[in-house]
Amino acid sequence: MKEAIIDVRAWRQFVAVAEELHFGRAALRLHMTQPPLTQAIAQMERSLGVMLFDRTRRRVALTPAGEALLPDVRDFLERALALPARARAAAAGEVGRMRLGFVSTIGFERLPQWVRDFRLLCPQVALELVEATGDVQRELFSRGELDAGLMLHSPGFAPPELARLAVAQEPLVLALPAHHPLALAPRVGFADVLAEPLVIFPRRIVPSLHDAVFALYHAAGRVPVVAQEAIQMQTIVNLVWGGLGVAWVPESVTQFRREGVVYRAADAFGPAPDAVGKARSKAAAKSPATPPLPLCETSLVWPAALNNPALERFIAFVQERSAVA
């Protein structure tokens, strides 16, 4: 059976008659004459295949079908009236949906604040959060399953196929077991931990940052002794607590408090505790080839073909609040 198609005007006429229970008064309310209104209601009933009103010369009353239909029609008309404003709000990025990927490091402080404030600003934008490493985010972008992402990388090394906005920059710090001899020092020299087993993320997760850490060891004439790889920063810190080694982590990870683990700022080549170490550190500090400790950068990234007004609104919002211009 073919479904009846009834326009908004006809539904308004039905509501007017249902509320007035009088065709003449309803016609006046609708600024029309009574005969066309009577014909329109009759046509609606034929299209629906049900009677909506009981009519006599003395009274007009809703049938059970008409009574059941009236609340839904009122709701439909209310939503129909709101459509133009909703369309304008969607075009302005105030209504819609945005799927945002993020790495765990941005989730310690900035992301919760941004989500809270953006929801206050645009409560009708559905913000879907997807925690994922950079490599996974790139796969999601390629399948069209992500609108934007917050990725960790070395400065300037965001994925080239994506537009980007740098939002934060931070140094690496050293995570140490609390019982480690260097845990009591306010700062740690890189030369002091060259031989320490290393807990690090796999290269595929953040290749630019992984390479920057390895380049630092190579500049000192060493190859890192990788004790264990782990994907999530929290897992890396937990492995440090377990005594598997030390770890270089972004400074934001220090927000993750793990009893038995301390975080220490580090110098590329600081003083070592023994005479041999002192000589090595001094020579290394004078070497122009020695790179500084790597920095970490977090960028908001999105497809170059931007066609989501809600995302445009979010980009502008983050730009106002980001620490890096």
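Residue numbers restart at each chain and count upward from 1, following the sequence in its written direction. This being a predicted model, a pLDDT of at least 70 is required before a residue's local features are given, and a value of 80 or more before pairs of side-chain atoms are given or counted; all residues contribute to the totals for chains, interfaces and linings. Computation of side-chain values covers all heavy atoms of the structure but excludes hydrogens and water.

Aromatic rings from Phe, Tyr and Trp, taking only the six-membered ring of Trp, are treated as a pair when their centres fall within 6.5 Å; an angle between ring planes under 30 degrees marks them as stacked, one over 60 as edge-to-face, and anything in between as tilted. Using the criterion set out here, one finds 8 aromatic pairs in the structure. Summarising the aromatic geometry, the rings of Phe190 and Trp248 are spaced 5.8 Å apart at their centres and angled 45° between planes, so their arrangement reads as tilted. Linking Phe190 in the loop between strand S7 (187-189) and strand S8 (198-200) with Trp248 in strand S10 (residues 247-250), this pair joins segments that are 58 residues apart in sequence. Using a 1.4 Å probe on the protein chains alone, a residue whose accessible area is under 20% of its type maximum counts as buried, one over 50% counts as exposed, and one in between counts as partly exposed. Owing to a relative accessible area of 0%, Phe190 belongs among the buried residues under this scheme. Each helix corresponds to a stretch of at least 4 residues labelled H or I by DSSP, and each strand to a stretch of at least 2 residues labelled E; elements are numbered beginning at the N terminus.

Next up on the list: empty space enclosed by the protein. Empty pockets left among the atoms are what a rolling probe the size of a water molecule brings to light. In this analysis, the protein atoms alone were mapped onto a 1 Å grid. Cavities are point sets where a 1.4 Å probe fits without being able to get out; pockets are open sets with protein on both sides within 12 Å along at least five of seven lines; lining residues have an atom within 4 Å of a point. Grid points are joined across faces, edges and corners, and a volume is the space filled by probe spheres set on the points. Scanning the model with the defined rule gives 1 cavity of 30 Å³ or more in all. Taken as a whole, the largest cavity spans an internal volume of roughly 140 Å³. Along the walls of the largest cavity sit 14 residues, with Val103, Ser104, Thr133, Ile205 and Ile231 positioned nearest its centre. Residues were grouped as follows: Ala, Val, Leu, Ile, Met, Phe, Trp, Tyr, Cys and Pro as nonpolar; Asp, Glu, Lys and Arg as charged; and all remaining residues, including Gly, as polar. Residues belonging to the lining of the largest cavity are distributed by class as follows: 8 nonpolar, 5 polar and 1 charged.

This paragraph deals with the packing of helix H1 (residues 8-20) against helix H3 (residues 34-48). Where H1 contacts H3, the axes come no closer than 10 Å and their chain directions differ by 110°. As judged from the angle between their axes, H1 and H3 are roughly perpendicular. Contact residues: Ala10, Trp11, Gln13, Phe14 and Val17 in H1; Leu37, Ala40, Ile41, Met44 and Leu48 in H3. The class makeup of the residues in the contact of H1 with H3 is 9 nonpolar, 1 polar and no charged. Helix axes are fitted to C-alpha atoms over the stretch in contact, other axes to C-alpha atoms as well, and angles between N-to-C directions run from 0 to 180 degrees. In these notes the angle categories are as follows: under 35 degrees is roughly parallel, over 145 is roughly antiparallel, 65 to 115 is roughly perpendicular, and the rest is oblique. Throughout, a residue-residue contact means that at least one pair of heavy atoms, one from each residue, lies within 4.5 Å.

With a phi close to 50°, Leu21 is a non-glycine residue in the positive phi region. At His31, a position not held by glycine, the phi torsion is positive, near 60°. Among the structural elements, His31 can be located in the loop between helix H2 (23-29) and H3.

On to helix H6 (residues 134-142). Looking only at H6, the buried set comprises Gly134, Asp135, Gln137, Leu140 and Phe141. Of the residues flanking the end of H6, it is Gly144, one or two places downstream, whose phi is positive at about 70°.

What follows covers the pattern of salt bridges. Close approach of charged atoms lets side chains of opposite charge pair. One speaks of a salt bridge when a side-chain nitrogen belonging to Lys or Arg is within 4 Å of a carboxyl oxygen belonging to Asp or Glu. Throughout the structure, instances matching the rule amount to 16 salt bridges. Notably, a salt bridge pairs Glu128 with Arg97, separated by 3.3 Å at the nearest N-O pair. Linking Glu128 in strand S4 (residues 124-131) with Arg97 in strand S3 (residues 95-102), this pair joins segments that are 31 residues apart in sequence. Overall, the relative accessible area of 43% leaves Arg97 in the partly exposed class. A salt bridge links Asp135 to Arg204, with the nearest nitrogen and oxygen atoms 3.8 Å apart. You can see Asp135 sitting in helix H6 and its partner Arg204 sitting in the loop between S8 and helix H7 (207-219), a full 69 residues away along the chain. For Asp135, a relative accessible area of 19% corresponds to the buried category. Through salt bridges with shared partners, a single network forms among Glu19, Glu20, Arg25, Arg29 and Arg74.

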